[in-house]
Amino acid sequence: MNRIVRPQPPTCLIKKREIIDGYLDRYLPTEDVYPQVLHRAIRYSVMAGGKRLRPILALTAFEACGGGGEIIFKAAVALELIHTYSLIHDDLPCMDDDDLRRGKPTLHKEYGEAVALLAGDALHDLAFNLMAQTGNTEAILELADAIGTKGMLAGQMADMEAEGRSLTLDEVMFIHTHKTGKLIRSSVRIGAVLAGANEEKLTAVTRYAEKIGYAFQIIDDILDIEGDVETLGKPVGSDVKNFKATFPAVIGLEESRRRARELTDEAVEIISSAIKQPDHFVQIARFIECRQN
Ligand code: GRG
C-alpha cells in the first residue's frame, strides 16, 4: 500500500514552535477571569495550532542578529496574535465566510459572529500591549505600519475590490505582498530591530523575508487547488469559490511552482551571504517551498 509521506518541519522549527506555544499560553488571559467567554474564544483560536511562522521568523532574526534575553517573546507572541486576529476576521461571513480553520470550526461557527469580532479586537489590543512592553518604539511602529492601511489592510481591501474580475500579475502581486507579505516582512524586521541589528543585517533579513513571503503566498494559492482539507485544516477551493485573485489563475500552476522555487533559492542566497549562521533561515525557506499546510 502506498503511504503519503508529508514533509515535516525541521527539528529546529518544531523546537521553536514549542517554545512559542509556551509563551502564548503564558501571555494569554486565562479562562477563569471575566469575561470568561471571550477569553475561552481567544484561546480556542490561538491555541488551535498553526505553524507559528511569524514568531519563529522573529525569533530566528533576533538570534541571528545577536539578540539575547526574554524581550523577543513579547514581540513574537504579539505577531502570532495579530496573525490570528486577521484569520478570525477574514473567516467571518462578511469576509470569506469560511467554516474551517486550523482543523476546527471557525470561531464564529463555534461562538457566534459577535464574539468572534470581539475576540479579534481583543487580540489586536493584547498584541500592542505586549509590543509596548518591549519599550522599543521602532519595533512597535514596524508592526503598526505592516498591518494598517499601508500594509495588510491595503492588501485585504484590494483583494475585496478585485473579486470577480481578472487581474494583471502586478495587481495580484500588490494584493499578496500587502495582505500576507507585510506581516512576514515585519516579523523578521522586529526580531532584528530588537536585537539592535546594523543597517546591513536589517536590509538582508528584509530582502530575505520579502522573497519568502512572496513564495509563501504562491504556495498558499497552489495548496488551495492541490491540497487536501485534512492536511490543510481549512477548505480547499475557496479562492475559486470566492472569485479570488491567485498566482495560478494568472500565470498557471507550473509557472507558479517554478517562481516559488526561484524565490526561495534567492532568499537562501541573500541570507547565506549576510548572516554567519543562516541554517534556521535556510530551513524555514526550504520548509515554505515544500509545505503541505
Ligand atoms: C480581515 C483584518 C483582516 C485581514 C485580512 C491577512 C489577512 C487579511 C487575512 C488572513 C487570511 C488569509 C487566508 C491570508 C492568506 C494566506 C495566509 C496568511 C494563510 C494563513 O497563514 P498560515 O498558513 O496559517 O501561516 P497558520 O494556521 O499556520 O498560522
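For the structure, check the block above.
Residues numbered from 1 in each chain as written. Predicted model: local features only at pLDDT ≥ 70, side-chain atom pairs only at ≥ 80, totals over all residues. Heavy atoms only, no water.

**Describing the overall build of the chain**
- In terms of helices and strands, the chain carries 15 helices and two strands.
- In terms of overall size, the chain behaves like a compact globule, its C-alpha atoms giving a radius of gyration of 18 Å where 293 residues would be expected to give roughly 19 Å.
- Structurally, the chain occupies a C-alpha span of about 50 × 45 × 45 Å along its principal axes.
- The buried share among the 293 residues of the chain stands at 50%.
- In the chain, once contacts between residues fewer than 6 apart in sequence are set aside, the share between residues at least 24 apart is 72%. (Helix = DSSP H or I, 4+ residues; strand = E, 2+ residues; numbered from the N terminus. Rg over C-alpha atoms; globule rule 2.2 N^0.38 Å. Buried < 20%, exposed > 50% of the residue type's maximum accessible area, 1.4 Å probe, protein only. Contact = heavy atoms within 4.5 Å.)

**A closer look at the site of the ligand**
- Not every one of the 19 residues close to the ligand is listed here, only the nearest: Lys51, Arg54, His83, Asp90 and Arg102.
- Between the ligand and Lys51, the relevant distance is 2.6 Å, taken from an oxygen atom to a side-chain nitrogen or oxygen of the residue.
- Take Arg54: an N or O atom from its side chain is 2.8 Å from an oxygen atom of the ligand.
- The protein chains hide 92% of the 710 Å² of surface that the ligand would expose on its own. (Near = heavy atom within 4 Å. Polar contact = N/O pair within 3.5 Å; in protein donor to acceptor, adjacent residues only side chain to side chain. Areas by Shrake-Rupley, 256 points an atom, 1.4 Å probe, with all protein chains shown as cover.)

**Some details on the packing of aromatic side chains**
- According to the stated counting rule, one finds five aromatic pairs in the structure shown.
- Seen in terms of ring centroids, Tyr23 and Tyr27 are 5.9 Å apart; in terms of plane orientation they differ by 40°. Their pairing is tilted. Remark: Tyr27 and Tyr23 occur in helix α1 (residues 11-27); sequence separation between them is four residues, near one turn of the helix. As far as burial versus exposure is concerned, Tyr23 and Tyr27 are alike and both buried.
- Taking the centre distance of 4.8 Å and the plane angle of 65° together, the rings of Tyr208 and Phe281 count as edge-to-face. (Phe/Tyr/Trp six-rings, centres within 6.5 Å; stacked < 30°, edge-to-face > 60°.)

All we've got here are geometric facts, nothing functional implied.
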